[in-house]
Amino acid sequence: QQMLEFYTRQFTDAFCPSNFPLYNPEVINESLASKWDNISKGLDNFLEDLKNGRGLLDITTTDKMAFKIGKNIASTPGKVVMQNDLMQLIHYEPKQKVHQIPILIIPPWINKYYILDLSPENSLVKWLVDNNFQVFLISWINPDKKLAHKNFEDYASDGVIAASEYITKTLNVPQINTIGYCIGGTLLACALSAMKSKKMDYIASSTYLATLLDFSNAGEVGLFINEDTIALIEQEMSDKGFFDGRYLAGGFSLLRANDLIWSFFISNYLLGKRP
């Protein structure tokens, strides 16, 4: 039933009249006003997205040139204090007087760490630093075939546990507070179980943001988990040594197709605009 509802929604979203030039009043008006220049620009946009997608249609949803490191993305001053094959540990510039227990943030490895440190106005990291917390944050490496032998347990041991050991020993503090975000929170929970079994008492508390721990009902994402897709994922990982993030992005986009696919389809290709 869920699969039927999902595919029905994909079908109705795709064949919505506004997705066709002759049935979209805004596209018709723009075409008449620009003498069809919008369609020409839309074709250029389509070909550029096809080229950038390297075999997949990667619809542009943002102006990537608008982001400047240190200004409106990754804006909080910090430095890398340790690294290994899987991650770098960033230590943010603390104030002179900080709370006794430092904070370690574990972000997802399917996204960049600076989702939690964008511009100064919407940075969780900056807010914590401004409120006298000493903050550490893991930045996961972009994996390639050389890391094909690494698995989930390695991310726990070389990520969460290694960072926890470093912080407690370097700062000479008994414990740290942790924040896990998305799949980073799932990893944190598993690492906590491993640490407890090994009598590692590094963690004072854990806070979870948008984290799934009970996977018995994974929601709509579960629609992509079946024998066919798992076989495809395993083949892809066998060939490349890692799972390409573009497939994940495409899957999440399909869950919100009107917002993340068709609205940009109309804007980019029919109206000839760029985000």
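For the structure itself, consult the block above.
This structure is a prediction, so every number in the text was calculated from the model and none was measured.

A few words on helix H6 (residues 183-197). Along an α-helix, residues three or four positions apart point the same way, because every turn accommodates 3.6 residues. The end-to-end C-alpha separation of H6 is 22 Å, in line with the 21 Å expected for 15 residues at 1.5 Å each. Taken together, the buried positions of H6 are Gly184, Gly185, Thr186, Leu187, Leu188, Ala189, Ala191 and Met195.

The N-to-C vectors of helix H3 (residues 37-52) and helix H9 (residues 257-270) enclose an angle of 115°; their axes lie 6 Å apart at closest approach. Along its contact with H3, which presents Asn38, Ile39, Gly42, Asn45, Phe46 and Asp49, the element H9 presents Asn268, Tyr269 and Leu270.

Alignment of strand E1 (residues 78-83) against strand E2 (residues 87-92), held across 5 bridges, turns out to be antiparallel. Of the residues in E2, the one forming a bridge with glutamine 83 is glutamine 88. Here E1 hands over to E2 after 3 residues, the two strands then running antiparallel side by side.

As a further point, take the environment of glycine 185. Structurally, glycine 185 can be placed in helix H6. Since its relative accessible area comes to 0%, glycine 185 is described here as buried. Sequence separation between glycine 185 and serine 206 is 21 residues; the distance between their C-alpha atoms is 8.9 Å. Leave out the neighbours within four places in its chain, and glycine 185 touches Ile106, Gly180, Tyr208, Thr211 and Leu213.

By the secondary structure assignment, aspartate 144 is in the loop between strand E4 (135-140) and helix H5 (152-171). Take aspartate 144: its relative accessible area is 30%, and that puts it in the partly exposed class. Polar contacts involving the side chain of aspartate 144 include one to the main-chain amide nitrogen of lysine 146, which spans 3.0 Å.

Below, the discussion takes up the pattern of salt bridges. Summed over all chains, the structure comprises 11 salt bridges. As a salt-bridge pair, arginine 274 and aspartate 49 come within 3.5 Å of each other at their nearest N and O atoms. Separated by 225 residues along the polypeptide, arginine 274 in the segment after H9 and aspartate 49 in helix H3 bring together distant segments of the chain. Judged by its relative accessible area of 34%, arginine 274 falls in the partly exposed class. Residue classification places aspartate 49 among the buried residues on the basis of a relative accessible area of 0%. One salt bridge connects arginine 256 with glutamate 220, and the closest N-O pair in it is separated by 3.5 Å. In this pair, arginine 256 sits in the loop between helix H8 (245-255) and H9 while glutamate 220 sits in the loop between strand E6 (203-209) and helix H7 (227-240), placing the two residues 36 residues apart along the sequence. A relative accessible area of 46% means that arginine 256 is categorised as partly exposed. Residue classification places glutamate 220 among the partly exposed residues on the basis of a relative accessible area of 29%.

As summarised here, the arrangement of the 6 strands in space is E1-E2-E4-E3-E5-E6, forming an open sheet in which the pairing is mixed. Each end of this open sheet is capped by a strand with a single partner; those strands are E1 and E6. Across this sheet, the average inter-strand angle for adjacent strands is 25°, counted without regard to direction. Across 6 bridges, strand E5 (residues 176-181) lies against E6 in parallel orientation.

Our focus in this paragraph is the packing of aromatic side chains. Any pair of aromatic rings gets described here by the distance separating the centres and the angle formed by the planes. Using the criterion set out here, one finds 13 aromatic pairs in the structure. Ring centres of tryptophan 109 and phenylalanine 152 lie 5.9 Å apart, and the angle between their planes is 70°; this geometry places the pair in the edge-to-face category. In this pair, tryptophan 109 is assigned in the loop between strand E3 (103-106) and helix H4 (124-130) and phenylalanine 152 in helix H5, connecting sequence segments 43 residues apart. An aromatic cluster is present here, built from Phe46, Trp262, Phe265 and Tyr269 joined pairwise through their rings.

Here is what the cut-offs are and how they apply
- Residues numbered from 1 in each chain as written.
- Predicted model: local features only at pLDDT ≥ 70, side-chain atom pairs only at ≥ 80, totals over all residues.
- Heavy atoms only, no water.
- Helix = DSSP H or I, 4+ residues; strand = E, 2+ residues; numbered from the N terminus.
- Expected span 1.5 Å × (residues − 1).
- Buried < 20%, exposed > 50% of the residue type's maximum accessible area, 1.4 Å probe, protein only.
- Axes fitted to C-alpha atoms, helices over the stretch in contact; angles between N-to-C directions.
- Contact = heavy atoms within 4.5 Å.
- Pairing = 2+ DSSP bridges.
- Polar contact = N/O pair within 3.5 Å; in protein donor to acceptor, adjacent residues only side chain to side chain.
- Salt bridge = Lys/Arg side-chain N within 4 Å of Asp/Glu carboxyl O.
- Phe/Tyr/Trp six-rings, centres within 6.5 Å; stacked < 30°, edge-to-face > 60°.

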